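Summary of the model geometry
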Amino acid sequence: MANTKRMEALASQIEAGSKLQGVERENKRLLAQLKETVEQLEQARSTRRLVIPERPSSGRKPKLFARLICGDLHGSHCEPAAVGAMLADIKDLDVREVVLLGDMLECGGWMMQSHTLGYVAQMDEVCYEDDVAATNDFLDQLQAACPLAKIEEVEGNHELRMERWCVDVSQGNQRNAEYLRRSLAPQHVTFLEKRRIAYYRQSETYDGLTVPGTIRRGK
């Protein structure tokens, strides 16, 4: 009887040990899979840039002053072929003024919690880091295409998402909201001040106009 009980106890210990070993093996497998996934994501993020196909300039001489007005690049959601064609036209026209009408970044993902159901499907595929990298690439090539041009940007509703997000997460603390805005807001992460690109916010008025976030150029 005593031997039988000892054998049963030993069998229970062996069974428990086998289960523990199985859990450890599964944990190791999951950790290895997680590590591999993280490495793949980091590699994808580090190599994901805005690749714009270059289109040769026609070489024609412009006769008139040219002001380019465009917007809605939407960061990494842009169409590279269309952007490449636009940059070639900018070189041909010898553009001297550029007004960007906003939504140059998507500003989606974790900043979209207050938006309609139609936007929710985009949440998993939008990365602010990718938006920032793509928009900086575009601005680099834009300034190279028209080095003498004056460039200005008006805040769009997508950039405004970041402003609102900074206020939401700071829970009413104005200093924290301003710190987050200086760290993450589109005009700062795209280095507009360093690029000497003026930025007009929706909350302020300009050029003697009564409607906030609007500017007047020419007639």
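Residues numbered from 1 in each chain as written. Predicted model: local features only at pLDDT ≥ 70, side-chain atom pairs only at ≥ 80, totals over all residues. Heavy atoms only, no water.

With respect to the packing of helix H2 (residues 80-93) against helix H4 (residues 128-145)
At a minimum axis distance of 9 Å, the contact between H2 and H4 shows a crossing angle of 25°. By the angle between their directions, the pair H2 and H4 is classed as roughly parallel. Our pair here, H2 against H4, has a crossing hand that is right-handed. Residues Val-83, Met-86, Leu-87, Ile-90 and Lys-91 of H2 pack against Phe-138, Gln-141, Leu-142 and Ala-145 of H4. Of the residues belonging to the contact of H2 with H4, the class tally is seven nonpolar, one polar and one charged. (Axes fitted to C-alpha atoms, helices over the stretch in contact; angles between N-to-C directions. Helix = DSSP H or I, 4+ residues; strand = E, 2+ residues; numbered from the N terminus. Parallel < 35°, antiparallel > 145°, perpendicular 65-115°, else oblique. Left-handed = near helix turned anticlockwise from the far one by under 90°. Contact = heavy atoms within 4.5 Å. Nonpolar A, V, L, I, M, F, W, Y, C, P; charged D, E, K, R; others polar.)

Digging into the pairing of strand S3 (residues 150-154)
S3 sits mainly inside the fold: four of its five residues count as buried. With four bridges joining them, strand S2 (residues 97-100) and S3 adopt parallel strand pairing. Its bridge partner being in S3, Glu-97 is matched across the sheet by Lys-150. Two elements, S3 and strand S4 (residues 198-200), share three bridges in a ladder whose sense is parallel. Across the sheet, Glu-152 pairs through a bridge with Ala-198, a residue of S4. (Buried < 20%, exposed > 50% of the residue type's maximum accessible area, 1.4 Å probe, protein only. Pairing = 2+ DSSP bridges.)

Quick word on the nonpolar core
Within the largest apolar cluster, 33 residues are counted, with the highest numbers of intra-cluster contacts made by Leu-87, Ile-90, Val-98, Leu-100, Phe-138 and Leu-142. Mapped by element, the contributors of at least two residues to this core are strand S1 (67-70), H2, S2, H4 and helix H5 (157-170). Ignoring sequence-local partners within four residues, the contact set of Leu-100 consists of Cys-70, Leu-139, Leu-142, Ile-151, Glu-152, Glu-153 and Val-154. Val-99, Val-154, Tyr-200 and Tyr-206 belong to the second-largest nonpolar core, a separate cluster that totals five residues. (Core = buried A, V, L, I, M, F, W, Y, C linked by side-chain atoms within 4.5 Å.)

Considerations on the environment of Asn-176
Its location among the elements puts Asn-176 in helix H6 (residues 174-184). Sequence-wise, Asn-176 and Cys-166 are ten residues apart; in three dimensions their C-alpha atoms are separated by 8.2 Å.

Considering the environment of Glu-152
Topologically, Glu-152 is positioned in strand S3. Note on Glu-152: relative accessible area 2%, which makes it buried. C-alpha of Glu-152 to C-alpha of Tyr-200: the two residues are 48 residues apart in sequence and 8.0 Å apart in space. Excluding anything up to four places from it in sequence, Glu-152 contacts Val-98, Val-99, Leu-100, Ile-197, Ala-198, Tyr-200 and Arg-217. A polar side-chain atom of Glu-152 sits 2.4 Å from a polar atom in the side chain of Tyr-200. A polar contact is formed between the side chain of Glu-152 and the side chain of Arg-217, at a distance of 2.7 Å. (Polar contact = N/O pair within 3.5 Å; in protein donor to acceptor, adjacent residues only side chain to side chain.)

Without other data, these values stay purely geometric and don't point to any function.
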